[in-house]
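Letter by letter, the chains look like this.
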Amino acid sequence: MDLDLRKLRYFVAVAEELHFGRAAERLHIAQPVLSRQIRALEDELRAQLFARTRRSTELTAAGRQLLDDARPLLAAADATRRRVARAARGSTTFTIGFMPGLTVTEAVRAFGATHPELEIELIRTTWDDQVDVLHDGRVDVSIVRLPIDQAGLTVRPLFEEPRVATLPAGHRLAGKPVVDITDLADEHLLQDPDAVPEWRDIAVELRTRTAKPIPVLHSVEEKLEHVAAGRGVSIVPLSVATFYQRPDVVTVPVDNLAPNTVALAWIATRRSRLLQDFAGLAPTVTWTP
């Protein structure tokens, strides 16, 4: 049986919304049509994907498994469409993704000088999508910050840089030339604790189970707004702190904190000559301010 990509897209919308009405609005189709398509998909797979009551819609075990598998399938299909369309147009575009705090000017100039026929485009990424832009074909290569899910990717480390603490200007540790990670044990961290295992292992709020919810933050600017308001602290790469300086947030070096690794990543199955040329160039240029 071949999976229908349209039905998979419908399924993912319902799985993410957990509400048929909202999913139908998102897809711009009528709810009865969406319900019929989901039932047809369940019939084809011979599995119930959702447990529905009058009050809620939840994924079954089969639904959770399909969601895990559907997202990369759909991303691969999108990427294929983009690449085929690009080839059909005879496009000479090369697209680079890059994370906050990193500058791509030197790389663009150097690569453009050796490939003057190329139009080089840039996409600024985030912690949430720095890998997604590779899998869905939006970029040819991406300058990423580790750790990432490296499945299906070729990843080549470029350099390491220190990570620092960002604190509100009136913080008790502001102005210190350096602090130890243990000095931050009583603080509220505005990011996933697994991203800073050195803090996670000593954090008072985790040990006492008094941690406040971590807000959903989609950019460095949003994170620094929360820091400035005194809602917590954040650990960021030095180049990010340097690039996003502001008077109501201070930066303090932290001992006993592993550096952040910056790497070049691309889809492992791609064999483009341009990719190889850029991979050879990347270690020779400066990426930080």
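Residues numbered from 1 in each chain as written. Predicted model: local features only at pLDDT ≥ 70, side-chain atom pairs only at ≥ 80, totals over all residues. Heavy atoms only, no water.

Caption draft 1: Focus on the overall build of the protein chain. Looking only at helices and strands, the protein chain has 11 helices and 11 strands in total. Residue burial in the protein chain is summarised as follows: out of 289 residues, 44% are buried. Once local pairs closer than 6 in sequence are excluded, the contacts in the protein chain between residues at least 24 apart make up 69%. Accessible area for the protein chain stands at about 15,400 Å²; split by element, carbon and sulfur atoms hold 51% of it. Each charge class in the protein chain was averaged separately, 36 positive and 39 negative side chains, and the resulting centres sit 5 Å apart. (Helix = DSSP H or I, 4+ residues; strand = E, 2+ residues; numbered from the N terminus. Buried < 20%, exposed > 50% of the residue type's maximum accessible area, 1.4 Å probe, protein only. Contact = heavy atoms within 4.5 Å. Areas by Shrake-Rupley, 256 points an atom, 1.4 Å probe, with all protein chains shown as cover. Lys, Arg positive; Asp, Glu negative; His and termini not counted. Charge placed at Lys NZ, Arg CZ, Asp CG, Glu CD.)

Caption draft 2: Here's a closer look at the sheet that holds strand S6 (residues 153-161). The strand order across the open sheet formed by 5 strands is S4-S3-S5-S11-S6, and the pairing between neighbours is mixed. Looking along the sheet, the strands with just one partner apiece sit at the ends: strand S4 (119-124) and S6. On average, each strand axis in the sheet is tilted by 20° relative to the strand beside it, whichever way the strands run. Taken together, the 4 bridges between strand S5 (residues 141-145) and strand S11 (residues 260-267) define a ladder with antiparallel strand orientation. Within the sheet, the bridge partner assigned to Val144 lies in S11 and is Ala263. Strands in contact with helix H5 (residues 105-114) are strand S3 (93-98) and S4; relative to S4, the strand with the most contacts, it is inclined by about 160°. (Pairing = 2+ DSSP bridges. Axes fitted to C-alpha atoms, helices over the stretch in contact; angles between N-to-C directions.)

Caption draft 3: Representation of the packing of helix H1 (residues 5-17) against helix H3 (residues 31-45) within the structure. Relative to each other, H1 and H3 sit at 110°, their axes nearing to 9 Å. By the angle between their directions, the pair H1 and H3 is classed as roughly perpendicular. Considering only the axes of H1 and H3, their crossing is left-handed. Residues Arg6, Lys7, Tyr10, Phe11 and Val14 of H1 pack against Leu34, Gln37, Ile38, Ala40, Leu41 and Glu44 of H3. In terms of residue class, the contact of H1 with H3 is made up of 7 nonpolar, 1 polar and 3 charged. (Parallel < 35°, antiparallel > 145°, perpendicular 65-115°, else oblique. Left-handed = near helix turned anticlockwise from the far one by under 90°. Nonpolar A, V, L, I, M, F, W, Y, C, P; charged D, E, K, R; others polar.)

Caption draft 4: Representation of the packing of H1 against helix H2 (residues 20-27) within the structure. For the pair H1 and H2, the least separation of the axes is 8 Å and the interaxial angle reads 130°. Relative to H2, the element H1 lies oblique. Note on packing geometry: the crossing formed by H1 with H2 is right-handed. Touching Arg9, Tyr10, Ala13, Val14, Glu16 and Glu17 of H1 are Phe20, Arg22, Ala23, Arg26 and Leu27, all from H2. Broken down by class, the residue content of the contact of H1 with H2 amounts to 6 nonpolar, no polar and 5 charged.

Caption draft 5: View of unusual backbone geometry. Cis rather than trans, the peptide bond between Leu146 and Pro147 has omega equal to 5°. Secondary-structure assignment places Pro147 in the loop between S5 and S6. Phi at Arg46 is positive, roughly 55°, even though this residue is not glycine. The residue Arg46 is located in the loop between H3 and strand S1 (50-52) in this model. The class for Arg46 is exposed, based on a relative accessible area of 80%. Phi is positive for Asn256, close to 60°, though the residue is something other than glycine. As for its position among the elements, Asn256 is in the loop between strand S10 (249-255) and S11. Asn256 sits in the exposed class, given a relative accessible area of 53%.

Caption draft 6: Quick peek at the side chain of Thr166. Residue position: Thr166 is located in strand S7 (residues 163-168). Sequence-distant contacts of Thr166, that is, excluding residues within four places in its chain, are made with Leu224, Val227, Val233, Ser234, Val236, Val249, Val250 and Thr251.

Caption draft 7: Representation of the pattern of salt bridges within the structure. Counted by the stated rule, this structure contains 17 salt bridges. A salt bridge links Glu16 to Arg26; the nearest nitrogen and oxygen atoms lie 2.5 Å apart. Taken together, the residues Glu16 in helix H1 and Arg26 in helix H2 connect sequence positions 10 residues apart. Judged by relative accessible area, Arg26 falls into the partly exposed class, the value being 36%. Salt-bridge contacts for Arg124 lead to Glu221; the nearest nitrogen and oxygen are separated by 3.7 Å. Taken as a pair, Arg124 in strand S4 and Glu221 in helix H9 (residues 220-228) lie far apart in primary sequence, 97 residues in all. Under the relative-accessibility criterion, Glu221 is labelled partly exposed at 38%. One salt-bridge network, in which partners are shared between bridges, spans Glu16, Glu17, Arg22, Arg26 and Arg71. (Salt bridge = Lys/Arg side-chain N within 4 Å of Asp/Glu carboxyl O.)

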